[in-house]
Amino acid sequence: MSFLEENDIALASASKTMKHQYNYKGDNMTFTNDLYDKIKAAVPDMTVRRFSRYCGKSEGYYGSITAQALPVSTNALIHLAEVLTHMQQIKPSHALGTALVMIAEEVARRMQSINSSSNWAVRQMIVKAVAKVQGSRVDNALAPLPIVLG
């Protein structure tokens, strides 16, 4: 089952049209490998070093996290989403759209696991920032970023 249900207020249009069955919940390597495969499908000359750079990290980042069975950091996922969004605007691709939805769902899932009592102010700032960014992208055909309230 997808992290985003039909009634959720996150990636509504993209999630409803793509109907993915991603539910990783802690299975870091499966998510990372699936994400890399989706991006490689859209960018055939993709390498693990380029993937690492797209994440805003050093060229050895992907190899390091896979060797240690660690998740891709949320910061790296957001940086990767920015790069993929730019690529999607230049040359639209279903595989890139799928990768963007995967990233958004994973970030939303991680946001749900944050202790909301101690981080409520941070979560409010994130929601306001996302709303501001989305307000400036009204004419953009890409899926909106997730808004997670808890």
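Coordinates for the structure precede this section.
(A) Broad picture of the overall build of the protein. Secondary structure summary: the protein contains seven helices and zero strands in total. N-terminal to C-terminal, the α/β element order of the protein is α-α-α-α-α-α-α. Classification of the 150 residues of the protein by burial places 37% in the buried group. Put simply, the protein shows about 8500 Å² of open surface, and 57% of that area lies on carbon and sulfur atoms.

(B) Quick look at the environment of Pro 92. Secondary-structure assignment places Pro 92 in the loop between α5 (74-90) and α6 (94-112). Pro 92 sits 50 residues away from Ala 42 along the chain, and the two C-alpha atoms are 9.4 Å apart.

(C) Structural detail: α6. Helix length check: α6, at 19 residues, gives a terminal C-alpha distance of 27 Å against a target of 27 Å (1.5 Å per residue), a fit within 8%. In terms of burial, α6 is a largely internal element, 17 of the 19 residues being buried.

(D) Representation of the nonpolar core within the structure. Counting residues in each nonpolar core, the largest one holds 26 residues, and the members touching the most others are Leu 35, Ile 39, Phe 51, Leu 80, Leu 84 and Ile 103. Those elements that provide at least two residues to this core are α2 (28-42), α3 (48-54), α4 (61-67), α5 and α6. By residue number, the principal contributor to this core is α6, which donates seven residues.

(E) Looking closely at the environment of Thr 66. As for its position among the elements, Thr 66 is in helix α4. Each C-alpha atom of the pair Thr 66 and Met 29 lies 6.8 Å from the other, and the pair is 37 residues apart in sequence. Excluding residues within four positions of it along the chain, Thr 66 makes contact with Met 29 and Thr 32. From its side chain, Thr 66 meets the backbone oxygen of Tyr 62 in a polar contact 2.9 Å long.

(F) Fine view of the side chain of Gln 88. Looking at the element boundaries, Gln 88 is found in helix α5. On the basis of relative accessibility, which here comes to 10%, the residue Gln 88 falls in the buried class.

(G) Layout of the packing of aromatic side chains. Scanning the model with the defined rule gives three aromatic pairs in all. Centre to centre, the rings of Tyr 36 and Phe 51 are 5.6 Å apart; their planes meet at 75 degrees, and the pair counts as edge-to-face. In this pair, Tyr 36 is assigned in helix α2 and Phe 51 in helix α3, connecting sequence segments 15 residues apart. Neither residue differs from the other here; Tyr 36 and Phe 51 are each classed as buried. Relative to Tyr 62, the ring of Tyr 36 lies with its centre 5.2 Å away and its plane at 35 degrees, an arrangement referred to as tilted. On the criterion of sequence distance, the pair formed by Tyr 36 in helix α2 and Tyr 62 in helix α4 is long-range, its members being 26 residues apart. A residue is classified by how much of its surface remains accessible, and Tyr 36, at 11% relative accessible area, is buried. Stacked on the ring of Tyr 61, the Lys or Arg Lys 57 has its end atom at 5.7 Å from the ring centre.

(H) Geometry of the pattern of salt bridges. Enumeration according to the criterion identifies five salt bridges in this entry. For Arg 50, the salt bridge goes to Asp 45, with nearest N and O atoms at 3.2 Å. The partly exposed category is assigned to Arg 50, whose relative accessible area is 23%. Here Arg 53 ties to Glu 59 by a salt bridge, and the two come within 2.7 Å at their closest N and O atoms. Residue Arg 53 is classed as partly exposed on the basis of its relative accessible area of 41%.

Scoring rules and cut-offs
- Within each chain, residues carry numbers counting from 1 in the order of the written sequence.
- A pLDDT threshold of at least 70 governs which residues receive local features in this predicted model, and a stricter bar of 80 or more applies before side-chain atom pairs are shown or counted, although totals over entire chains, interfaces and linings include all residues.
- Side-chain figures throughout are based on the complete set of non-hydrogen atoms in the structure, without hydrogens or water.
- Helix and strand labels come from DSSP, where a helix needs a run of H or I of at least four residues and a strand needs a run of E of at least two; each type is numbered from the N terminus.
- Burial here depends on accessible area, computed with a 1.4 Å probe over protein chains only, as a share of the maximum for the residue type. Under 20% is buried, over 50% is exposed, and the range in between is partly exposed.
- Using a 1.4 Å probe, accessible areas were evaluated by the Shrake-Rupley method; residue-level cover was limited to the displayed protein chains.
- To estimate the expected span of a helix, count its residues, drop one, and scale the result by 1.5 Å.
- Definition used in this section: a nonpolar core is a set of buried Ala, Val, Leu, Ile, Met, Phe, Trp, Tyr and Cys residues joined via side-chain atoms within 4.5 Å.
- Should any heavy atoms of two residues lie within 4.5 Å, those residues are considered in contact.
- Side-chain atoms alone can form a polar contact between residues adjacent in sequence; in general such a contact is a pair of N or O atoms within 3.5 Å, and within protein one must be able to donate a hydrogen while the other accepts it.
- In this scheme Phe, Tyr and Trp rings, the latter by its six-membered ring, pair at centre separations within 6.5 Å, and the angle between planes marks the pair as stacked below 30 degrees, edge-to-face above 60, and tilted otherwise.
- The criterion for a charge sitting over a ring is simple: Lys NZ or Arg CZ within 6 Å of the ring centre, and within 35 degrees of the ring normal.
- In the sections that follow, a salt bridge refers to a side-chain nitrogen of Lys or Arg positioned within 4 Å of a carboxyl oxygen of Asp or Glu.

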